[in-house]
Each structure stands twice: as structure tokens, then as C-alpha cells.
Amino acid sequence: MDFAFRRDVTLFLVSHDEQDAILVRRLLAPSRLTESLVWHRHLREARFLSASRGAPVCILVGSTPVGQSLSDVVGWIRRRAPRAAVLLLGGTRKQTARNPYVGITPLAGWVQGWVDHRRTAPLEFRREIWLALERAHRDTAPAAVRVEELIAQDSALLERGLLPDVTLRGDGFTTGLHYAPGRSHALLGGDFCDVVQTDDSTVHVVMGDVSGHGAAEAALAVHLRLAWRTAVLCGQSQLGQLRLLERILVDERPDEDTYATVVSLVFPPHGRSVRMISAGHPGLLHRHSGKVSWVEPQPGIALGLFPGRGDWSETEMALADRDSVVLFTDGLYEGRTAGGRLGEEGLLRLAAQYAHLEPQAFVDALVRGASLLAAPFGGLLDDVAVLHLGWNRPGRV
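Since we're looking at a predicted model, the values are computed, not measured.

About the thresholds
Residues numbered from 1 in each chain as written. Predicted model: local features only at pLDDT ≥ 70, side-chain atom pairs only at ≥ 80, totals over all residues. Heavy atoms only, no water. Phe/Tyr/Trp six-rings, centres within 6.5 Å; stacked < 30°, edge-to-face > 60°. Helix = DSSP H or I, 4+ residues; strand = E, 2+ residues; numbered from the N terminus. pLDDT = per-residue confidence, 0-100. Contact = heavy atoms within 4.5 Å. Axes fitted to C-alpha atoms, helices over the stretch in contact; angles between N-to-C directions. Parallel < 35°, antiparallel > 145°, perpendicular 65-115°, else oblique. Left-handed = near helix turned anticlockwise from the far one by under 90°. Nonpolar A, V, L, I, M, F, W, Y, C, P; charged D, E, K, R; others polar. Expected span 1.5 Å × (residues − 1). Buried < 20%, exposed > 50% of the residue type's maximum accessible area, 1.4 Å probe, protein only. Core = buried A, V, L, I, M, F, W, Y, C linked by side-chain atoms within 4.5 Å.

## Re the packing of aromatic side chains
Next up, step 1: Counted under the stated rule, the structure contains 4 aromatic pairs.
Next up, step 2: Considering the side-chain rings of Trp-294 and Phe-328, the 5.6 Å spacing of their centres and the 55 degrees angle between planes classify their relative orientation as tilted. Here Trp-294, found in strand β12 (residues 291-295), pairs with Phe-328, found in strand β14 (residues 324-328); they are 34 residues apart in sequence, far enough to count as distant.
Next up, step 3: Here the aromatic cluster, defined as three or more aromatic residues joined through ring pairs, consists of Phe-173, Phe-267 and Trp-391.

## Let's talk about the confidence of the model for the protein
Next up, step 1: The share of residues in the protein with pLDDT of 70 or more is 78%, and the mean pLDDT across the chain is 81.
Next up, step 2: For the stretch residues 91-106, pLDDT sits under 50, and the model shows 30 contacts to residues farther than four places along the chain or on other chains.
Next up, step 3: Long-range and interchain partners of residues 108-117, a stretch whose pLDDT sits below 50, account for 20 contacts in this model, where long-range means more than four residues apart.

## Overview of the packing of helix α10 (residues 343-353) against helix α11 (residues 359-374)
In helix packing, the relevant descriptors are the interaxial angle and the interaxial distance, both defined with respect to the helix axes.
Next up, step 1: Relative orientation of the contacting elements α10 and α11 amounts to 130 degrees, with a least axis distance of 10 Å. In this view, α10 runs oblique relative to α11, as classed from their interaxial angle. Regarding α10 and α11, the two cross each other, and that crossing is right-handed. Counting all contacts with α10, which are made through Leu-347, Leu-350 and Ala-351, the residues of α11 involved are Phe-362, Leu-366, Gly-369, Ala-370 and Leu-373.
Next up, step 2: Of the residues belonging to the contact of α10 with α11, the class tally is 7 nonpolar, 1 polar and no charged.

## A word on helix α8 (residues 215-233)
Next up, step 1: The terminal C-alpha atoms of α8 lie 28 Å apart, and with 19 residues this matches the ideal 27 Å at 1.5 Å per residue to within 8%.
Next up, step 2: Glu-217, Ala-218, Leu-220, Ala-221, Val-222, Leu-224, Arg-225, Ala-227, Trp-228, Ala-231 and Val-232 are the residues of α8 that are buried.
Next up, step 3: Within two residues after α8, Gly-235 carries a phi angle of roughly 85 degrees, on the positive side.

## Structural notes on the environment of Leu-13
Next up, step 1: Among the secondary structure elements, Leu-13 is positioned in strand β1 (residues 10-14).
Next up, step 2: Along the primary structure Leu-13 and Val-61 are separated by 48 residues, whereas in three dimensions their C-alpha atoms are 6.0 Å apart.
Next up, step 3: What Leu-13 contacts, discounting residues up to four positions off in sequence, is Asp-20, Ala-21, Val-24, Leu-37, Val-38, Trp-39, His-40, Leu-60, Gly-62 and Leu-89.

## Quick look at the nonpolar core
Next up, step 1: By size, the foremost hydrophobic cluster in this structure holds 27 residues, and its most contacted members are Val-205, Leu-265, Phe-267, Leu-327, Leu-387 and Leu-389.
Next up, step 2: Those elements that provide at least two residues to this core are β6 (173-180), β7 (191-197), β8 (203-210), α8, β9 (260-267), β10 (273-279), β14 and β17 (384-391).
Next up, step 3: No other element matches the 4 residues that β17 contributes to this core.
Next up, step 4: With near-sequence residues (within four places) excluded, Phe-267 lies in contact with Phe-173, Thr-202, Val-203, Val-205, Ser-273, Val-274, Leu-319, Val-325, Leu-389 and Trp-391.

What follows is the structure in C-alpha cells.
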């Protein structure tokens, strides 16, 4: 990095002696560094800590106050501005060579010699400043990269901890899941889903899709999923759950245009039916006797479009032994293909090809098939969530 051409370099002088300030200004004139120089007599006056965040900073250390050693001053600076370049104006090279603070550049007593005997002193002095900035950047850059890596790892761990675990205890109910955000380098998107089995063995399911594709939408999706889980465990009805989610969405959404489509399912323990409520969400797939059909629950308005005016109603569908349903978000079929958008009909034809597969294999094949069809046109660009659900034991009572 060539600091000589950067105009955001800030230069500080920390010195108890006014002669140091006069000397430094002589050495800097007539460069632009003269305008950026800030002189502080005492460390308590120094304001380079906030200024050192981002822009390159070089700190010149001159005469120290009575009772403070050079090591005291340098140590204080190093602790508070570890990425700054530091130049020492006083002392001798032999003394400063023993200084334990790595990256400190001593100019020692021959600075005054430059001023008295050499016309090139200002150029040499400015050159020392640029070199010190280069060294500081070289020494701290690897540490900065490591810090960024650790932050990225922490973010990934946090996002992974917020992902749902749809695996239920016992072997009575089977789930299969695919979840992939559209945002690059992210684990969470605006799609959300969850599965809860209450003490009476009833299985409750939710899937939703928050409009938009940013981090704010992903955070809102997490809020909605956790609120839904809490509402289920507190015994709220399906309609009560949707009303609660809409209230939270309206309070937390990043702008007034944000909305969410949601579908809520309840599988009673007898396993002979499923109750569904849709708030603007796409339909679902019904797997029965080796075939796949499309099911549209009673339509309802998406959450947040007209708050408080939701017209949601329940749809009940009968289930036979080994029947299952597959929920998904529209990112699965919105991708462009050679024949245009895949769409609902295209997705149904694709699903029929994999009707013989087991739950998780079916989900994986469905997503892979849609991805391959969209690959020549940029792939699946939106968040994609797919959830396979069904009882796996016949003869339930």
C-alpha cells in the first residue's frame, strides 16, 4: 500500500516540549502532512484513538513529561492504538533498540542533525513516516485478517445455532428437510420452517417466506419462527398463532412493504388427517400410493399486507397410511428454465419422477432436479426451503 499518495493519513505528535513541535513542522513543510499534524503535550489530551479507526495513523513521540519514561509513553500508545505507526524523536538508537515494543521506529538524536546540516532533511523525514506506515500495515495486516476470520466463524456458528432442527424423538413421524438461503456466504435466509411435537403426540408444523433477501429479512424470519414455536408450546390455536406472527412482523419489519407468506399444519396423533391454514403461501404436494398430487388449501391473505384483516380459514385433508405431504417456498419453482419459469405444473411433473423415493431422498432429488433445470439461467436465485412430513406407522388409533 502506497501511503505517500493517500490523503487520509493523520499525523500526531506527543511531546512535552514545544521545540519538538517547531522542529517537526519545519521538517514537514511544505507537504500536506503539515495540515494533518496534531500536537498534544500530554497523553491525556491525545485523541488519536478514535481517529485511528480506519485511516492510517502515524504517532511521533518526542520529549516525555517529568516522571514518565519513554517506555511508559510508548506502552500507553501501543495499548490504545496497536495498528498505528510510531516514530521516536528522542533517545539514541542503542537505547531504543532494547525497547520491547515491536514495530517502533527510532529516529533518535540525529533528527536535529538533519535540520542543521542537510537540505534533504524534510524529504528524508517524510520518507521515514511513509516507511513506518508501510511497516505498521505489514505487521498488523495478518492480525486484521485473522480477526475477520474469527468474526466470520462466530457469525457462522450463530447462524447455524438459529437453524431449525426438525428431527422428532421416536420413530412415529418422519421429516425430511432442505434449507438453502439465496444470499451468498450466509446460512440463514428469509424462509423459515419448524416442527414441534406436543405432549399429546400432535405434530405442529410451520413454513414461511419473508419478502426480500437481506440480513434484516433473515433476522425477521428467525423472530417469526421462534415466536411460532413459543405460541405452539403455550397452547395457542392455529389462528391465534398467525395473528401473533402478523403482529410481530408489523412491529419488527424493516419497512412497511415487508410481508410474509405462511402455512400452518397440524397432524393429530391418530394420523388420519391434517389440518392446514394458509396465509398467501404456495400449495403443497400430497404423496399417496406412489403418486404425487398438488393440493391447494383454502387461500388467505399474506401476513402484513392488510394487518388485522386476515381472512384465514382451516382446510382438513384426509390421510391414508403412509401418506405424506411436502411443503416448500416459491424459490423452488421460480427459477427460469429452457421452457420459461418452472412453475407449479413443472414442479409437479418433476416430483412425479421421484415418487418412488424415500422422504429425504425425494427432497434431495426434487431440489437437485429444479437446480439442474435452472442452472443454465443462473440457478435458483431465491431462498429455498422444502419440508417432507408424514406418519410412518400404519394402524394408528
